[in-house]
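# Structural description and commentary
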Amino acid sequence: WADPECELDASLLDNVSPGVDLVGLLPEDAVSVGSTWNADGSHLVDVLGLGTSLPWTWSSPDNQSEPGETTYSGELDLRVTDLRTEDGVLLCTVSIQGELTEGNAKPGDLSQVPVADGTATDTTTTVFDLEGEMVWNATAHHLASLTLQGEGEGELKTEKDAGQPG
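Attention here is on the structure that accompanies the text. (Residues numbered from 1 in each chain as written. Predicted model: local features only at pLDDT ≥ 70, side-chain atom pairs only at ≥ 80, totals over all residues. Heavy atoms only, no water.)

### Examining the pattern of salt bridges
Short version of the rule: By convention in these notes, a salt bridge is any Lys or Arg side-chain nitrogen within 4 Å of a carboxyl oxygen on Asp or Glu. Burial classes: relative accessible area under 20% of the type maximum marks a residue as buried, over 50% as exposed, and values in between as partly exposed (1.4 Å probe, protein chains only).
Evaluation of the coordinates by the stated rule reveals 3 salt bridges. Here R84 and E86 are joined by a salt bridge, their closest N and O atoms 2.8 Å apart. A residue is classified by how much of its surface remains accessible, and E86, at 39% relative accessible area, is partly exposed. A salt bridge links K157 to E159; the nearest nitrogen and oxygen atoms lie 3.6 Å apart. Judged by relative accessible area, which is 47%, K157 ranks as partly exposed. Connected through shared salt-bridge partners, D82, R84 and E86 make up one network.

### Topic: the pairing of strand β5 (residues 142-160)
The condition that has to hold: In this description, strands pair whenever DSSP reports at least two bridges between them. Note on conventions: DSSP H or I runs of at least 4 residues are helices, E runs of at least 2 residues are strands, and numbering of each starts at the N terminus.
In terms of strand pairing, strand β4 (residues 119-137) meets β5 through 18 bridges, oriented antiparallel. Residue pairing in the sheet places L130 in a bridge with G150 of β5. The turn linking β4 back onto β5 is made up of 4 residues, and H141 within it adopts a positive phi angle of 60°.

In structure tokens form, the structure reads like this:
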């Protein structure tokens, strides 16, 4: 959907925060290889919400939509798979598996409904089965890398806003 002839503009990155804080995925207690724990999937919002801070230029008006409020929930299972030192830096590799639900509510209309018109609220719910790996720099206390992949299934509900005729 992006225009391939568009030149890159570094000023687009001015609103993107370079810090991704995933401390909420870490356990409160000390860990060793094989340690497991659960974490709230909403802590991935810093990674998954990155696109909301970047402006989009759509090649077709049909692809444009009003921004909405996005929420994340779910439970992730994490497990330490490796602890190693590289160049004096302690790195901890953690596997991630779980289910994440993304909800988004935004203004819409009933233009797709042949027997009604007016404004509506579009609510999209997508459930993702995720798996991946996080490498945590335990020396400097920040994320070194994160890889996630998954499949999702979604549902869109359009509900006519209250107070309208019909």
